[in-house]
Amino acid sequence: MPFVKWWKMSLQSKIVSINEIKGIVEQLKKEGKKIGFTNGCFDILHAGHVLYLERSKSLVDILVLGLNSDNSIRRIKGARRPINGERDRALVVAGLESVDWVVIFDDDTPIKLIELVKPDVLIKGADWRDKGVVGGDFVKSYGGRVEFVELYEGRSTTSVIEKIRRVYCE
């Protein structure tokens, strides 16, 4: 049986295209929903990711997650990443209650997606506070805001990969 047939329809339906998210968000805004947007690779899901997304969701009614495509990650992090493919990563984050919509994007930054979604709240990890947030000025230009969520120290995909290498490759 092909893997895709194992997906629950409700999870698969949370993964939408860039074209689809525009209409979805427009309808939700008409209903008065506060839209939040965050993005990332979410390559090997860990507790830090789950807690970050839970905190992000607490700030908004609807959380849209922009997921870097495999090609995007390779350009940003190198040829050895991602560990998990984009469809698998999308399914995993769609399975989280805190995530309402998942959109895979192929650019190096999510600026086009942010401009399309026009979130009320752009959410990033606190490690981005002094780095300049892509889309932050755009969101602020129409009265939206940028929020930073504290991260849990020592919890990252890179640290998970390093631990696997230490334990299983030495």
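Residues numbered from 1 in each chain as written. Predicted model: local features only at pLDDT ≥ 70, side-chain atom pairs only at ≥ 80, totals over all residues. Heavy atoms only, no water.

With that settled, the discussion passes to the overall build of the protein. The helix and strand inventory of the protein stands at eight helices and six strands. In the protein, the succession of α and β elements from N to C terminus is α-β-α-β-α-β-α-α-β-α-β-α-β-α. Compactness check: the protein gives a C-alpha radius of gyration of 16 Å against a globular reference of 15 Å for 170 residues, within 12% of the reference. If you line up the protein on its principal axes, its C-alpha atoms span 55 × 45 × 25 Å. (Helix = DSSP H or I, 4+ residues; strand = E, 2+ residues; numbered from the N terminus. Rg over C-alpha atoms; globule rule 2.2 N^0.38 Å.)

Remark on secondary structure: sheet strands pair via backbone hydrogen bonds, oriented parallel or antiparallel. Read from one edge of the open sheet, six strands run S1-S4-S3-S2-S5-S6, paired in parallel fashion. Both edges of this open sheet fall to strand S1 (15–16) and strand S6 (145–149), since each of them pairs with a single strand only. Relative to S6, strand S5 (residues 121–125) is paired through five bridges, and the arrangement is parallel. Counted as the bridge partner of Lys 124 is Phe 148 from S6. Across the face of the sheet, helix H3 (residues 47–57) comes into contact with strand S2 (35–40), strand S3 (62–68), S5 and S6 while running at roughly 140° to S3. Contacts between helix H5 (residues 86–94) and the sheet are confined to S1, S3 and strand S4 (101–105), with S4 contributing the most and set at about 160° to the helix. (Pairing = 2+ DSSP bridges. Contact = heavy atoms within 4.5 Å. Axes fitted to C-alpha atoms, helices over the stretch in contact; angles between N-to-C directions.)

In this section: the side chain of Thr 38. In this structure, Thr 38 sits in strand S2. A distance of 2.4 Å separates the side chain of Thr 38 from the side chain of Tyr 52, its partner in a polar contact. In this structure, Thr 38 is in contact with Tyr 52, Leu 53, Leu 63, Val 64, Leu 65, Gly 66 and Ile 123, ignoring residues within four places of it in sequence. (Polar contact = N/O pair within 3.5 Å; in protein donor to acceptor, adjacent residues only side chain to side chain.)

On the secondary structure map, Ser 141 appears in helix H7 (residues 136–141). Within the structure, the side chain of Ser 141 is placed 2.5 Å from the backbone oxygen of Phe 138, a separation counted as a polar contact.

Further remarks concern the pairing of S4. Of all five residues that make up S4, four are buried, and the element is covered over most of its length. The pairing of S1 with S4 spans two bridges and is classified as parallel. Its bridge partner lying in S4, Ile 15 is registered against Val 102. Inspection of the sheet shows S3 paired to S4 by five bridges, in the parallel sense. Among the inter-strand pairings, Leu 65 is bridged to a residue of S4, identified as Val 102. (Buried < 20%, exposed > 50% of the residue type's maximum accessible area, 1.4 Å probe, protein only.)

Counting buried positions over the five residues of S5 gives five, a clear majority of the element. Of the two faces of S5, both are covered, the one formed by Val 121, Ile 123 and Gly 125 as well as the one formed by Leu 122 and Lys 124. By the bridge criterion, two bridges tie S2 to S5 in an arrangement that is parallel. The residue of S5 that forms the bridge with Gly 36 is Val 121. Crossover S5 to S6 through H7 is right-handed. (Right-handed = clockwise from strand over helix to strand, strands pointing away.)

Function cannot be inferred from these measures alone, as they are strictly geometric.
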